[in-house]
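# Architecture at a glance
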Amino acid sequence: MSSLDRIMSRRSIRRYKAEKIPQEILEKILEAGRHAPSASNEQPWHFIVVTDPKLKEKFSTGRWSGFVKDSAFAVVGCAYEGTAHSRKWSVVDTAIALQNMAIAAWSLGIGSCWVGDFEELVVKEMLKVPKVWRIIALISFGYPDEMPDARPRKALKEIAGYNQF
Ligand SMILES: Cc1cc2nc3c(=O)[nH]c(=O)nc-3n(C[C@H](O)[C@H](O)[C@H](O)COP(=O)(O)O)c2cc1C
């Protein structure tokens with residue numbers, strides 16, 4: 001499958017098989033994040049891999065996050081906010097790295113879903129995240145136990161223009 005096919009066929013996967021993901025595969029996914037571009041190559045990110053079933057359970061209490069407990073692991077994306085430069089770009093950089101992980105996972109036959117349904121302060125406390133870091137989102141990963149239809153997308157002419165908005 002080409003990279004383009006992988007991007008086009010990706011879906012948010014919220015049902016997972018109860019199958020462990022080998023450590024070397026997990027690390028490949030993290031490596032895909034590590035190789036993401038970042039403004040001035042600052043790499044202002046930190047990733048917390050959540051494998052502990054009790055922690056995964058705690059991430060599953062929101063209205064839109066119930067599936068996290070069934071995932072093999074989740075990656076929590078933290079963005080550094082300690083300098084003016086990092087405050088401007090770290091969320092962008094960290095999001096790019098997380099999406100690299102999602103696409104890499106899909107290439108390896110692993111499904112994922114972004115999760116924005118969490119209380120940042122609660123999660124910071126739970127995972128001992130220092131004050132100067134912000135949590136932007138997490139992504140749950142696991143072998144897919146579903147293949148949802150593609151969600152609708154806006155038409156290209158609605159979202160892209162040539163030489164003007
Ligand atoms: C920043 C962000 C936050 C999201 N948060 C959630 C969430 O909390 N729960 C959930 O089930 N899906 C969440 N999603 C997944 C979106 O619902 C999904 O990407 C969208 O409906 C398009 O579907 P697709 O990913 O299958 O193409 C989130 C996606 C993004 C990018």
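What you see as residue numbers is a count from 1 along each chain, following the sequence as written. Where totals are concerned, whole chains, interfaces and linings use all residues; where local detail is concerned, this predicted model gives features only for residues with pLDDT of at least 70, and gives and counts side-chain atom pairs only at 80 or more. Side-chain metrics in this entry use all non-hydrogen atoms of the structure; hydrogen atoms and water are not considered.

## Quick notes on the sheet that holds strand 4 (residues 133-142)
Reading across from one edge, 1-2-4-3 is the order of the 4 strands in this open sheet, with antiparallel pairing throughout. Each of the sheet's edge strands pairs with one partner strand only, and the pair in question is strand 1 (45-50) and strand 3 (111-115). Within this sheet the neighbouring strands show an average axis-to-axis angle of 25 degrees, counted without direction. Strand pairing is defined by DSSP finding a minimum of two bridges between the two strands. Comment: elements are numbered from the N terminus, with helices defined as DSSP H or I runs of at least four residues and strands as E runs of at least two. Of the pairings in the sheet, the one linking strand 2 (residues 73-80) to strand 4 comprises 8 bridges and is antiparallel in character. Looking at the pairing, Cys78 lines up with Ile135 of strand 4. Residue contacts follow a heavy-atom distance rule, with two residues in contact if any of their heavy atoms lie within 4.5 Å. Note on definitions: angles span 0 to 180 degrees between N-to-C directions of axes, and those axes are lines fitted to C-alpha atoms, for helices only across the stretch in contact. Helix-sheet contacts for helix 2 (residues 23-34) involve strand 1, strand 2 and strand 4, and the interaxial angle to strand 1 is about 165 degrees.

## A short note on the confidence of the model for the protein
Looking at the protein as a whole, its pLDDT mean stands at 98, while 100% of the residues score no less than 70. For the protein, helix 1 (residues 3-9) is the element with the lowest average pLDDT, namely 95, and strand 3 is the one with the highest, namely 99. For every residue, the predictor states its confidence as a pLDDT score lying anywhere from 0 to 100.

## Brief notes about the layout of surface pockets
The computed volume of the largest pocket comes to approximately 300 Å³. A pocket, in this scheme, is an open set of points on a 1 Å grid over the protein atoms alone with protein on both sides within 12 Å along at least 5 of 7 lines, while a cavity is a set where a 1.4 Å probe fits but cannot get out; residues line either one if an atom lies within 4 Å of a point. Lining the largest pocket we find Ile7, Met8, Arg10, Arg11, Ser12, Arg14, Pro148, Asp149, Ala150, Arg151 and Arg153. Grid points are joined across faces, edges and corners, and a volume is the space filled by probe spheres set on the points. Taken as a whole, the second largest pocket holds about 200 Å³ of empty space. Lining the second largest pocket are 14 residues; nearest its centre among them are Lys20, Ile21, Lys56, Ala72 and Phe73.

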